[in-house]
Amino acid sequence: MRRLLNFLYDGAATIAAICMVALLVAVMLSIISRQMHFLISGIDAYAGYLMAGAGFLALAHTLKRGEHIRVTLVLNALKGRPQRTLQIFALAFGALLALLFAYFSVRLAWQSHEFNDVSTSNDATPLWIPQLSMAIGAVIMAIACVDELVLEIMGKRRQAESGEALRNE
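Summary of the structure given here. (Residues numbered from 1 in each chain as written. Predicted model: local features only at pLDDT ≥ 70, side-chain atom pairs only at ≥ 80, totals over all residues. Heavy atoms only, no water.)

A count of helices and strands for the protein chain gives six helices and zero strands. Reading the helices (α) and strands (β) of the protein chain from amino to carboxyl end gives α-α-α-α-α-α. A principal-axis box enclosing the C-alpha atoms of the protein chain has dimensions of 65 × 35 × 30 Å. In the protein chain, buried positions account for 33% of the 169 residues. Within the protein chain, contacts between residues at least 6 apart in sequence are counted, and of these 71% link residues at least 24 apart. (Helix = DSSP H or I, 4+ residues; strand = E, 2+ residues; numbered from the N terminus. Buried < 20%, exposed > 50% of the residue type's maximum accessible area, 1.4 Å probe, protein only. Contact = heavy atoms within 4.5 Å.)

This part takes up the pattern of salt bridges. Following the criterion strictly, the structure yields five salt bridges and no others. When the shortest N-O distance is used, the salt bridge between Asp 147 and Arg 2 registers 2.6 Å. Here the residue Asp 147 occupies a position in helix α6 (residues 128-154), and Arg 2 occupies one in helix α1 (residues 2-35), the gap between them amounting to 145 residues. Here the two residues Asp 147 and Arg 2 agree in accessibility, since each one is buried. Notably, a salt bridge pairs Asp 44 with Arg 34, separated by 2.9 Å at the nearest N-O pair. A residue pair is termed long-range when its members are at least 10 positions apart, and Asp 44 in helix α2 (residues 43-57) and Arg 34 in helix α1 qualify at ten residues. Classification of Asp 44 by relative accessible area gives partly exposed; the value is 49%. One connected set of salt bridges, linked through shared partners, spans Arg 2, Lys 64, Asp 147 and Glu 148. (Salt bridge = Lys/Arg side-chain N within 4 Å of Asp/Glu carboxyl O.)

Turning next to the environment of His 113. Along the chain, His 113 turns up in helix α5 (residues 80-114). For the pair His 113 and Ile 129, spaced 16 residues apart in sequence, the C-alpha to C-alpha distance is 8.4 Å.

On to the packing of α5 against α6. At a minimum axis separation of 8 Å, α5 and α6 run at an interaxial angle of 160 degrees. Here α5 is positioned roughly antiparallel relative to α6, judged by the angle of their axes. Read as a crossing pair, α5 and α6 show a hand that is left-handed. Looking at the contact of α5 with α6 residue by residue, the class counts come to 24 nonpolar, six polar and three charged. (Axes fitted to C-alpha atoms, helices over the stretch in contact; angles between N-to-C directions. Parallel < 35°, antiparallel > 145°, perpendicular 65-115°, else oblique. Left-handed = near helix turned anticlockwise from the far one by under 90°. Nonpolar A, V, L, I, M, F, W, Y, C, P; charged D, E, K, R; others polar.)

For the rest of this paragraph, the subject is α2. For α2, with 15 residues, the first-to-last C-alpha span of 21 Å sits near the 21 Å given by 1.5 Å per residue. The inward-facing, buried residues of α2 abut α1, α3 (59-64) and α6. (Expected span 1.5 Å × (residues − 1).)

Right, let's get into the nonpolar core. Ala 95, Ala 98, Ala 102, Ala 138, Met 141, Ala 142 and Cys 145 together form the largest nonpolar core, which totals seven residues. Those elements that provide at least two residues to this core are α5 and α6. By residue number, the principal contributor to this core is α6, which donates four residues. Among residues more than four places away in sequence, those in contact with Ala 95 are Cys 145 and Val 146. (Core = buried A, V, L, I, M, F, W, Y, C linked by side-chain atoms within 4.5 Å.)

What follows is about unusual backbone geometry. Positive phi outside glycine occurs at His 37, with the angle close to 60 degrees. Position of His 37 among the secondary structure elements: in the loop between α1 and α2. Judged by relative accessible area, which is 72%, His 37 ranks as exposed.

It is worth stressing that arrangement in space is one thing and function is another; only the former is reported here.
As structure tokens, then:
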């Protein structure tokens, strides 16, 4: 199960990296097309969609590497049981928020599909397509938050140092 979860987090991060490269290409095409006086319809909208995909799909991987910004002033001041209790509470609250965000992201994409909602820009893209990257990223983030909570409760969670790949076994 651990290998599957790590593969899921790494796979989402890989797709996020691909979105970043595609975003660079889209921005460069937009700049070049303006300089050469021709228009690529909808390129700005697609750059925005790629930026959202890159951001949301990288959330879980960033969490698992310990790279999310956390305020640990109170947590580090505590020791033993109070520290662990606060850690479990914080992870449970974060998991709850992530689950709610995942639910409403999936719901938004589904409703956009049901109502045939399209982009108001000249590309007229069905909005559920770019919203899908947000929904998938939010679901994977929720899985990662619950994973961290379960590992903490079982006493198997370890903190990642900045930049270190966190691999809970």
